[in-house]
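These are the residues of each chain, in order.
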Amino acid sequence: MSILIDSVTPHTPAAKAGIRAGDRLVAVNGNLIHDVLDYRFYMIDTSLTVEVEREGKPLSFHIKKEEYDELGLEFTDYLMDRQHHCANKCVFCFVDQLPKGMRETLYFKDDDSRMSFLFGSYVTLTNMTDEDIARIIKMHISPINISVHATNPDLRVELMKNPRSGEVLKYIPQLAAHHIRINAQIVICPGLNDGEELRRSLWDLGQYAPEVQSIALVPVGLTGHREGLYPLRMMTPEEAADCIRIADEFGEEMLRRHGSRIAFCADELYLIAGLPLPDYGYYEDFDQLGNGVGTTAMLRDEFASALSMEDGDEEESHFALATGEAAAPLLRELLETAREKFPHRQLTVYGVPNITFGGGVNVTGLVCGRDIIEYLRDKPLYQGLILPEIMLRDEKDKFLDDSTPYDVAEALHTPVFVAGMDGADLLDALLGLTPPLA
């Protein structure tokens, strides 16, 4: 096997050694390179023998460099291999609930351990083999993010509709035994893996602490596009409160044993239950922000910190901000705390209903451009509309429905600004400091 080298960065060790674009990478220090994990692991050393093929002929290059310095090779695909497709048919799969007409890449279900290490995505382990686990242990790649959902093997098979899903639970103690840190998530489906099954899952995972360093409890997300799918329903307030109680009981014991709660509920569970959210200190290292765990506490703390460093002014400004329905009350609450310092600055927050997804979807990151246009068409936007960048893909250019911020600006006849949404960014939006679209 060999991997095509797309380009070689000038003035890097590889370029100075004479490796060229179009060469095919075969091995580093005698280790065959199959993908990005092999490449990243074996290029760390200070003394390298890099084997390539050039026009079918083998060549070797001996390279000296500083430890961890980039070698300088670039590849057509960052994984250097095809992305691994999910082999499960989870009853709660969000991709299966997507409406038609979204961005094509959204319909690809990945379950790739390399994506976990590179980008923090979660894997179910069902695509992995004993050899894959051995490689992770050898490279000591840590942490790994695992979608567990249930530690009862039979229940996990029922949830994921994959006969391997119960068997591969054996990899969790193997990883923990070699001090590979694990962030776990449990998507809670009422009537399936809540109650006593949730308690079992937490205590089963807790025996591998501190290597299991965090567990996120996330309520199942259901769109309005579930025709022909497993009959799931949203959690009731009582069920959400019960999950929080179970997590707190477990967390208190883990705190006593290990100095960490380990299990944390997503903010959405507290909102469903109608219970107050914990304060900033509760969330320790915020390991599960990507699962919506502690985002409210962090935003409150960031906004208060940013506001404390401002002197205030008497200037006037008024902008509009589009967000998801779930976040709108919190943003309004935070902005109200700035009124004393900035009495004439206004930021009108619009919670945009998610018509595209329907169902119970109300988070900011899933709001589509078409919904913003429709909802705000007849509403005052003042000096311009601010859009949280979480609504857009990484390139900050498109919503999930492939519309763009420019489409929104044109349809609503208003300047549009794209902002981050940490506490300082929210204050900048209030003060009119968010940069306009280029």
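Draft legend 1. Examining empty space enclosed by the protein more closely. Tallied over the full model, the rule gives one cavity of 30 Å³ or more. Taken together, the residues of the lining of the largest cavity break down into four nonpolar, three polar and three charged.

Draft legend 2. The arrangement of the side chain of Glu211 in detail. Take Glu211: it is sitting in the loop between helix 8 (195-206) and strand 9 (212-219). At 5.0 Å, Arg181 is the nearest oppositely charged side chain to Glu211, a buried residue that forms no salt bridge. One polar contact links Glu211 to His179, side chain to side chain, over a distance of 3.0 Å. For Glu211, the contacting residues outside a window of four places in its chain are Ala176, His179, Ile180, Arg181 and Ile182.

Draft legend 3. The pattern of salt bridges, seen in detail. In this structure the tally under the stated criterion is 21 salt bridges. Arg377 serves as the salt-bridge partner of Glu374, at 3.7 Å between the closest nitrogen and oxygen. Assessed through its relative accessible area of 44%, Arg377 is described here as partly exposed. Overlapping salt bridges, with partners in common, bring together Glu196, Arg199 and Glu249 in one network.

Draft legend 4. Focus on helix 12 (residues 328-336). Inspection of helix 12 places Ala328, Leu330, Leu331, Leu334 and Leu335 among the buried residues, and these make up the whole buried set. All buried residues of helix 12 fall inside an arc of 160 degrees around its axis, so they share one side. On the buried face of helix 12, the contacting elements are helix 11 (295-308), strand 11 (317-324), strand 12 (345-352) and helix 15 (423-430).

Draft legend 5. A look at the sheet that holds strand 7 (residues 144-147). The strand order across the open sheet built from four strands is 7-8-9-10, with neighbouring strands paired in parallel fashion. Unpaired on one side and paired on the other, strand 7 and strand 10 (263-265) mark the two borders of the sheet. Neighbour-to-neighbour, the strand axes of the sheet open up by a mean angle of 20 degrees, direction not taken into account.

Draft legend 6. Up close: the packing of aromatic side chains. In the structure shown here, the tally under the stated rule is ten aromatic pairs. With 5.0 Å between their ring centres and 75 degrees between their planes, Phe41 and Tyr42 make a pair best called edge-to-face. Assessed through its relative accessible area of 26%, Phe41 is described here as partly exposed. Ring geometry for Phe94 and Phe357: centres 5.8 Å apart, planes at 25 degrees, overall stacked. Separated by 263 residues along the polypeptide, Phe94 in the loop between strand 6 (73-75) and helix 3 (113-119) and Phe357 in the loop between strand 12 and helix 13 (369-376) bring together distant segments of the chain. For Phe357, a relative accessible area of 1% puts it in the buried group. Taken together, the ring pairs in this structure connect Phe264, Tyr280, Tyr282, Tyr283 and Phe286 into an aromatic cluster. Over the ring of Tyr375 we find Lys379; its NZ or CZ atom is 4.1 Å from the centre of that ring.

Draft legend 7. Structural view of the nonpolar core. One finds Leu125, Ile144, Leu202, Ile215, Leu217 and Leu269 to be the most contacted residues of the largest nonpolar core, which totals 50 residues. The greatest single-element share of this core, amounting to eight residues, is contributed by helix 9 (residues 237-258). Ile215 has contacts with Ala184, Ile186, Leu202, Leu205, Phe250, Ile262, Ala263, Phe264 and Gln288, leaving out every residue within four places of it along the chain.

Draft legend 8. Here's a closer look at the pairing of strand 2 (residues 24-28). For strand 2, a buried count of four out of five residues is recorded, marking the element as mostly surrounded by other parts of the structure. Strand direction decides the pairing type here: strand 1 (residues 3-8) and strand 2, joined by two bridges, are antiparallel. Looking across to strand 2, one finds that Leu4 is bridged to Arg24. Pairing geometry for strand 2 and strand 4 (residues 47-54), over four bridges, is antiparallel.

Draft legend 9. Spotlight on the state of the cysteines. Counted under the stated rule, the structure contains zero disulfides. Not engaged in a disulfide, the cysteine Cys243 finds its nearest cysteine sulfur in Cys265; these two sulfurs lie 6.9 Å apart. On the basis of relative accessibility, which here comes to 0%, the residue Cys243 falls in the buried class.

Draft legend 10. Structural context of the packing of helix 13 against helix 14 (residues 405-412). Here helix 13 crosses helix 14 at 15 degrees, and the two axes come no closer than 10 Å. Compared by their axis directions, helix 13 and helix 14 come out roughly parallel. For helix 13 against helix 14, the interelement crossing comes out right-handed. When helix 13 is examined against helix 14, the residues Gly369, Ile372, Ile373 and Leu376 are found in contact with a partner set consisting of Asp407, Val408, Ala411 and Leu412. Each residue belonging to the contact of helix 13 with helix 14 can be placed in one class, and the counts come to six nonpolar, one polar and one charged.

What counts as what
- Residues numbered from 1 in each chain as written.
- Predicted model: local features only at pLDDT ≥ 70, side-chain atom pairs only at ≥ 80, totals over all residues.
- Heavy atoms only, no water.
- 1 Å grid on protein atoms, 1.4 Å probe; cavity = no way out; pocket = protein on both sides within 12 Å on 5 of 7 lines; lining within 4 Å.
- Points joined across faces, edges and corners; volume = space filled by probe spheres on them.
- Nonpolar A, V, L, I, M, F, W, Y, C, P; charged D, E, K, R; others polar.
- Helix = DSSP H or I, 4+ residues; strand = E, 2+ residues; numbered from the N terminus.
- Buried < 20%, exposed > 50% of the residue type's maximum accessible area, 1.4 Å probe, protein only.
- Lys, Arg positive; Asp, Glu negative; His and termini not counted.
- Salt bridge = Lys/Arg side-chain N within 4 Å of Asp/Glu carboxyl O.
- Polar contact = N/O pair within 3.5 Å; in protein donor to acceptor, adjacent residues only side chain to side chain.
- Contact = heavy atoms within 4.5 Å.
- Arc of directions from axis to C-beta.
- Pairing = 2+ DSSP bridges.
- Axes fitted to C-alpha atoms, helices over the stretch in contact; angles between N-to-C directions.
- Phe/Tyr/Trp six-rings, centres within 6.5 Å; stacked < 30°, edge-to-face > 60°.
- Lys NZ or Arg CZ within 6 Å of the ring centre and 35° of its normal.
- Core = buried A, V, L, I, M, F, W, Y, C linked by side-chain atoms within 4.5 Å.
- Disulfide = S-S within 2.5 Å.
- Parallel < 35°, antiparallel > 145°, perpendicular 65-115°, else oblique.
- Left-handed = near helix turned anticlockwise from the far one by under 90°.

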